[in-house]
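Below are the chains, spelled out letter by letter.
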Amino acid sequence: MRIFPLIATIALLFPALALAHNLKIGERVPAVGVKDEGELVLKQDKFSYQPWNSAQLAGKVRVVLPIAGRSSAKEMNAAMIEAIKSANFPRDRYQTTTIVNTDDAIPGTGMFVTSSIKSNKQQYPWSQFVIDDNGNVQKAWLLKPAGSAVVVLDKQGVVRWVKDGALSEQEVQQAITLLHELLK
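Quick caveat, the model's predicted, so the values are computed rather than measured.

What follows is about unusual backbone geometry. With a phi angle near 70 degrees, glutamate 37 is a residue other than glycine that sits in the positive phi range. Considering the arrangement of structural elements, one finds glutamate 37 in strand β1 (residues 33-43). Relative accessible area serves as the criterion here: at 31%, glutamate 37 is assigned to the partly exposed category. The backbone of leucine 142 shows a phi angle near 55 degrees, a positive value even though the residue is not glycine. Along the chain, the position of leucine 142 falls in the loop between α6 (136-141) and β6 (149-153).

Next up on the list: the environment of glutamate 171. When you line up the elements, glutamate 171 lands in helix α7 (residues 169-182). Separated by 91 residues in the primary sequence, glutamate 171 and methionine 80 place their C-alpha atoms 8.9 Å from one another. Discounting residues that sit within four places of it in the chain, glutamate 171 has contacts with Trp161, Lys163 and Ala166. A distance of 2.8 Å separates polar atoms of two side chains, one belonging to glutamate 171 and the other to lysine 163. One polar contact links the side chain of glutamate 171 to the main-chain amide nitrogen of serine 168, over a distance of 2.8 Å.

Thresholds applied
Residues numbered from 1 in each chain as written. Predicted model: local features only at pLDDT ≥ 70, side-chain atom pairs only at ≥ 80, totals over all residues. Heavy atoms only, no water. Helix = DSSP H or I, 4+ residues; strand = E, 2+ residues; numbered from the N terminus. Buried < 20%, exposed > 50% of the residue type's maximum accessible area, 1.4 Å probe, protein only. Contact = heavy atoms within 4.5 Å. Polar contact = N/O pair within 3.5 Å; in protein donor to acceptor, adjacent residues only side chain to side chain.

See the structure below:
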């Protein structure tokens, strides 16, 4: 058969096609839930977890930050996080949801990753943090391993902007400008 070598050659030449996310502008994110660990809840200085699912993303304009549990992944979009902090969006209409894939952490660093997430939750209690021990979100949304993505959703939970990977300065500005428009 001549078709197999052709398919194999195409796959070798375009490996990124196999890693393309499935988040589509104008649609909701693919449904996914996180039951092991899940959303980190802070009440009266005590942490607990509750199941989380993507249906909860509607209701506010938000940035969803699915990231691998690695400092290198966190640094990929640190400029976006700083831009969000500087924008000081209204908490009644905006929320950041950070989904940390602890299944994609460097072995032996899990407790440090979780400690960092808890520290962030204490510092930014109005933000949503989800610990995804099994990588459900990365798998469901076909995100790159060891990476970081930025997804902008309108208040209906519809994807308005997305990038899987590090954002350029211009892309950070595009996303922040869009957020300001969505919050008008």
